[in-house]
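Notes for the structure review
Residues per chain, in single letters:
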Amino acid sequence: VETAAAAPVVQDVLWSDPDPDLAFSVENARRGAGALVADSDLVRWLEAHGVSRLVRSHEVVADGAERVDLGDGRERWTVFSCARYPRGEGLNKAAVLDLGRDRAAAKHWGSVPGKRAAALKRETEIRHRVRAILARHRPELLSSDDDDDDDPAAACAQAIGATRAAWADHLLPAAFPGEPLDTLHHLNALLAAQPKLSVPSTASIAPLRPSDSIAARSSARATFHALDLDGDGRISYAEFELAVKALRADADSTSKPRRTLPPICPEAAWLLLDADDSGFLDQTEFATGLPHHS
């Protein structure tokens, strides 16, 4: 199809992606074409055309195939048939879809190492945590949107806390990976499309599931008390920053072979850990957030 009139349709089919967090569809800025399609819009389209299943590709998924139940017998499949994409360097599985009259089943090959799978899970959880912070402070971000300053990282730093660098280099890329967040208006548009986030009014981040807490572990308690330099039962930002710097210095100075520590941005990590915006970490906040930042 080469006509100019058909080109937008071809672009939509080729470049559009689903996004289960959206309440309505928006422009797909990451791809530069197509749309990010909300499941609610997809369900309406399936109903209108009497279709129960959408199968699409052109997007890597960790297990090669991903099924999303849309309710009332409707489902969305993403199938990606190239393992370790791209160039054999990735860690994703591949899959094909075996279709029957009344069923669909994925057949997988390739593998994702356990550590990488755990890292992907942690990245997903951190993405939702940062989005929850942004959602809670959206009124302040909306008021900043009226100003001439179009720098979203600077606006987040002013409205929420942490430094502009923490937002530009760590927090915003974690919340919207691959999105070219060049303007505050674009950030607010993405947040407006995600009202499904449940954000407690008394916390800057959505609480983790109770099963994620390691508060009962002696290692978490020992680490907390080691960082609590003045022994007042809570960790201040100054104490936390000293610990991060000491950790990096130790990793850089040792001559023993060891795993290279990833860069740690203390401002970004602190914003995620300090759930009640008190300026201090209590033992519960520290132990609950520790698995996701270690």
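1. Details of the overall build of the protein chain
- Check the secondary structure of the protein chain and you find 11 helices and 10 strands.
- Per-residue burial over the protein chain gives 37% buried out of 294 residues.
- Summarising the internal contacts of the protein chain: among those between residues at least 6 apart in sequence, 52% fall at separations of at least 24.
- Within the structure as shown, the protein chain displays about 16,400 Å² of accessible surface, and the carbon and sulfur contribution to it stands at 54%.

2. As for the pattern of salt bridges
- All chains considered together, the criterion is met by 12 salt bridges.
- Across the pair arginine 56 and glutamate 59 runs a salt bridge, and its minimum N-O distance is 2.6 Å.
- Across the salt bridge formed by lysine 107 and aspartate 98, the nearest N and O atoms sit 3.8 Å from each other.
- The structure contains a network of salt bridges with shared partners spanning Asp17, Arg31, Arg56 and Glu59.

3. Some remarks on the layout of surface pockets
- Looking at the second largest pocket, its volume works out to about 410 Å³.
- The wall of the second largest pocket is formed by 14 residues, among which Asp12, Val13, Ser16, Val37 and Leu54 lie closest to the centre.
- Of all elements in the fold, only α1 (7-15), β1 (17-18), α2 (39-49) and β4 (53-56) reach the threshold of two or more residues within the lining of the second largest pocket.
- The element best represented in the lining of the second largest pocket is α1, accounting for three residues.

4. Structural notes on the sheet that holds strand β2 (residues 26-27)
- Strand order in this open sheet of three strands is β1-β3-β2, and the pairing throughout is mixed. Edge positions in the open sheet fall to β1 and β2, since each of these has one partner strand only.
- Two elements, β2 and strand β3 (residues 35-37), share two bridges in a ladder whose sense is antiparallel. Counted as the bridge partner of glutamate 27 is alanine 35 from β3.

5. Focus on the environment of proline 20
- With respect to the secondary-structure elements, proline 20 resides in the loop between β1 and β2.
- Judged by its relative accessible area of 43%, proline 20 is partly exposed.
- In sequence terms proline 20 and aspartate 39 are 19 residues apart; their C-alpha atoms lie 5.7 Å from each other.

6. What to know about the packing of helix α5 (residues 152-159) against helix α6 (residues 164-175)
- Between α5 and α6, the least distance of the axes is 8 Å, while the angle of their chain directions is 110°. Classified by the angle their axes make, α5 and α6 are roughly perpendicular. Pair α5 / α6 crosses with right-handed handedness. Here Pro152, Ala153, Ala154, Cys156 and Ala157 of α5 lie close against α6, whose contacting residues are Arg164, Trp167, Ala168 and Leu172.
- Tallied by class, the residues present in the contact of α5 with α6 amount to eight nonpolar, no polar and one charged.

Rules used in this analysis
Residues numbered from 1 in each chain as written. Predicted model: local features only at pLDDT ≥ 70, side-chain atom pairs only at ≥ 80, totals over all residues. Heavy atoms only, no water. Helix = DSSP H or I, 4+ residues; strand = E, 2+ residues; numbered from the N terminus. Buried < 20%, exposed > 50% of the residue type's maximum accessible area, 1.4 Å probe, protein only. Contact = heavy atoms within 4.5 Å. Areas by Shrake-Rupley, 256 points an atom, 1.4 Å probe, with all protein chains shown as cover. Salt bridge = Lys/Arg side-chain N within 4 Å of Asp/Glu carboxyl O. 1 Å grid on protein atoms, 1.4 Å probe; cavity = no way out; pocket = protein on both sides within 12 Å on 5 of 7 lines; lining within 4 Å. Points joined across faces, edges and corners; volume = space filled by probe spheres on them. Pairing = 2+ DSSP bridges. Axes fitted to C-alpha atoms, helices over the stretch in contact; angles between N-to-C directions. Parallel < 35°, antiparallel > 145°, perpendicular 65-115°, else oblique. Left-handed = near helix turned anticlockwise from the far one by under 90°. Nonpolar A, V, L, I, M, F, W, Y, C, P; charged D, E, K, R; others polar.

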